[in-house]
Amino acid sequence: MGPEVPYSVTANDHEIVTLAFTLAAAGFTVWKSRAIRLLPSGRILLVPAVMIAVSWAATVLEGFILPDFFNAVEHLSMLGAGISLGAWVIAARRREAVP
């Protein structure tokens, strides 16, 4: 058995790396938000980016506090990101189809 830890942190190293990638992706999205908005229906595309960042942050937070709540936030955010991305694909295709 491993050494005893005086606190009960359950976040794994990969979750911390995920949080670092989340912060980097959020920074990149903010940096390129003007270019993203220039895409067909680009404003809709910013929604899944934010929801994915929320999901990744919730993944890390669930290891520290309120695990059931942040687990639900994580999965609902990914669901919302998928729906938003699907909405963007449909909106972008419709916009391209209009002559």
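Residues numbered from 1 in each chain as written. Predicted model: local features only at pLDDT ≥ 70, side-chain atom pairs only at ≥ 80, totals over all residues. Heavy atoms only, no water.

**Some thoughts on the overall build of the protein chain**
Part 1: Each helix and strand in the protein chain was counted, giving four helices and zero strands.
Part 2: Along the protein chain, helices (α) and strands (β) appear in the sequence α-α-α-α when read from the amino end.
Part 3: With 99 residues in all, the protein chain has 23% of them scored as buried.
Part 4: Considering only residue pairs separated by 6 or more positions, the protein chain has 64% of its internal contacts joining residues 24 or more positions apart.
Part 5: As displayed, the protein chain has an accessible area near 7300 Å², and 69% of this comes from carbon and sulfur atoms. (Helix = DSSP H or I, 4+ residues; strand = E, 2+ residues; numbered from the N terminus. Buried < 20%, exposed > 50% of the residue type's maximum accessible area, 1.4 Å probe, protein only. Contact = heavy atoms within 4.5 Å. Areas by Shrake-Rupley, 256 points an atom, 1.4 Å probe, with all protein chains shown as cover.)

**Comments concerning a nonpolar patch on the surface**
Part 1: On the surface, a nonpolar cluster with roughly 500 Å² of combined accessible area is contributed by Ile16, Phe64, Ile65, Leu66 and Phe69.
Part 2: By the element assignment, Leu66 lies in the loop between α3 (42-61) and α4 (67-97).
Part 3: The exposure class assigned to Leu66 is exposed, which follows from its relative accessible area of 55%. (Patch = residues over 30% accessible without salt bridge, like charges linked within 9 Å, V, L, I, M, F, W, Y side chains within 5 Å. Salt bridge = Lys/Arg side-chain N within 4 Å of Asp/Glu carboxyl O.)

**Re the packing of helix α1 (residues 13-31) against α3**
Part 1: For the pair α1 and α3, the least separation of the axes is 9 Å and the interaxial angle reads 155 degrees. Judged by the angle between their axes, α1 and α3 are roughly antiparallel. In the packing of α1 onto α3, the handedness of the crossing is left-handed. Seen from α1, the contacting residues are Glu15, Ile16, Thr18, Leu19, Phe21, Thr22, Ala25 and Thr29; seen from α3, they are Leu46, Ala49, Ala53, Trp56, Ala57, Thr59 and Val60.
Part 2: Residues belonging to the contact of α1 with α3 are distributed by class as follows: ten nonpolar, four polar and one charged. (Axes fitted to C-alpha atoms, helices over the stretch in contact; angles between N-to-C directions. Parallel < 35°, antiparallel > 145°, perpendicular 65-115°, else oblique. Left-handed = near helix turned anticlockwise from the far one by under 90°. Nonpolar A, V, L, I, M, F, W, Y, C, P; charged D, E, K, R; others polar.)

**Re the side chain of Ser55**
Part 1: Note on placement: Ser55 falls in helix α3.
Part 2: Overall, the relative accessible area of 1% leaves Ser55 in the buried class.
Part 3: At 3.0 Å, the side chain of Ser55 and the backbone oxygen of Glu74 are in polar contact.
Part 4: Contacts of Ser55, omitting those with residues within four sequence positions, involve Glu74, Ser77 and Met78. (Polar contact = N/O pair within 3.5 Å; in protein donor to acceptor, adjacent residues only side chain to side chain.)

**A closer look at the packing of aromatic side chains**
Part 1: Going through the model one piece at a time under the given rule, you end up with two aromatic pairs.
Part 2: Between Phe28 and Trp31, the aromatic rings sit 5.8 Å apart at their centres with planes inclined by 65 degrees, giving edge-to-face as the arrangement. Here Trp31 and Phe28 lie together in helix α1, a separation of three residues that amounts to about one turn.
Part 3: In this structure Phe28 comes out as partly exposed when scored by relative accessible area, which is 48%.
Part 4: Taking 5.1 Å as the distance between ring centres and 75 degrees as the angle between the ring planes, the aromatic pair formed by Phe69 and Phe70 counts as edge-to-face.
Part 5: Judged by its relative accessible area of 49%, Phe69 is partly exposed.
Part 6: Taking NZ or CZ as reference, Lys32 lies 4.5 Å from the ring centre of Trp31, over its face. (Phe/Tyr/Trp six-rings, centres within 6.5 Å; stacked < 30°, edge-to-face > 60°. Lys NZ or Arg CZ within 6 Å of the ring centre and 35° of its normal.)

Don't take any of this as a statement about function, it's just geometry.
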